[in-house]
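So you can see what is in the structure, the chains are spelled out below.
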Amino acid sequence: MKHPIRTLGCALALSAAAFTSTFAQAHGNVTPQGVDTRGLPVLGDKWRDENPYRGNAMAQKIGASAYNQNCARCHGLEAVSGGIAPDLRQMDRDCVGLKNAAKKTACFKEMDNYYLTSVRQGKVRNGAVYMPPFEGVFNQEAMWAIKTYLETRRETN
Ligand code: HEC
């Protein structure tokens, strides 16, 4: 399967590196905000390979707030990227139009996995932090709540 979005991420990496250092100087170290995920089904320690909250209204709400406090400064308010980091509305848009149900399911699952890995590990290459890792900062519930929110922002045209 092709990964047009990943290619996009790499193309933006250089400008992102410049941005990140400027940002750090301008704003100091911004501590990620903890996310209150009470009320969501508890997921435990085992990492899921698919979004368990897809379509869950409470997850969308918690995810929207968590996104705007922790991700928007790079990925844009309401997930509309200003070009500094990838536009997350486009992340799994190619899956939406797939006609074959099995392929569609597999596509979403693969993108869910890619999303989770990106958020847990961040994006660090050759010592440069393009995006900080969120593992240990957010619980799994918060990570999937943000994905659930992003799915409401998905661009499909
Ligand atoms: C300091 C800026 C910054 C913050 C904060 C940040 N990101 Fe990122 N993120 C980036 C950059 C830059 C990339 C592209 C990195 C690369 O591949 O070179 C990226 C890539 C990603 C990707 C992969 C997208 C793709 O199309 O390849 C996902 C998913 C992602 N970020 C989600 C998040 C989420 C969710 C949050 C908040 C919890 C977040 N990011 C916070 C800068 C940031």
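The shown structure was predicted, so the numbers you read here are calculated from the model rather than taken from an experiment. (Residues numbered from 1 in each chain as written. Predicted model: local features only at pLDDT ≥ 70, side-chain atom pairs only at ≥ 80, totals over all residues. Heavy atoms only, no water.)

### Points about the environment of Met-111
- Assignment of secondary structure puts Met-111 in helix 6 (residues 101–121).
- On the accessibility criterion, Met-111 (7% relative accessible area) is buried.
- Linking Met-111 and Asn-51, residues 60 residues apart in sequence, is a C-alpha distance of 9.8 Å. (Helix = DSSP H or I, 4+ residues; strand = E, 2+ residues; numbered from the N terminus. Buried < 20%, exposed > 50% of the residue type's maximum accessible area, 1.4 Å probe, protein only.)

### Overview of the coordination of the iron atom of the ligand
- Coordination of the iron atom of the ligand by the protein comes from His-75 (NE2) and Met-131 (SD), over a distance range of 2.0 to 2.2 Å.
- Take His-75: its relative accessible area is 10%, and that puts it in the buried class.
- When its relative accessible area of 16% is taken as the criterion, Met-131 is described as buried. (Donors = N, O, S within 2.8 Å, 3.2 Å for Na, K, Ca; no water.)

### Thoughts on the environment of Met-58
- For Met-58, the location among the structural elements is in helix 3 (residues 57–70).
- Counting along the chain gives 91 residues from Met-58 to Tyr-149, while the straight-line C-alpha distance between them is 9.6 Å.
- Ignoring anything within four residues of it in the chain, the contact list for Met-58 reads Arg-38, Gly-39 and Leu-40. (Contact = heavy atoms within 4.5 Å.)

### Let's talk about the pairing of strand 2 (residues 128–131)
- When strand 1 (residues 123–125) meets strand 2, the two strands line up antiparallel, connected through 3 bridges. For Arg-125, the partnering residue across the bridge sits in strand 2 and is Ala-128.
- Hairpin geometry of strand 1 and strand 2 is characterised by an intervening segment of 2 residues between the two adjacent antiparallel strands and by a positive phi of about 50 degrees at Asn-126. (Pairing = 2+ DSSP bridges.)

### Section: the state of the cysteines
- Under the defined criterion, the tally for this structure stands at 1 disulfide.
- Paired through a disulfide, Cys-95 and Cys-107 show a sulfur-sulfur distance of 2.1 Å. On the sign convention where negative means left-handed, the S-S torsion of about -75 degrees between Cys-95 and Cys-107 marks this disulfide as left-handed. With Cys-95 in helix 5 (residues 93–96) and Cys-107 in helix 6, this residue pair connects regions lying 12 residues apart in the sequence.
- Cys-95 gets classed as buried once you look at its relative accessible area, which sits at 1%.
- Residue classification places Cys-107 among the buried residues on the basis of a relative accessible area of 5%. (Disulfide = S-S within 2.5 Å.)

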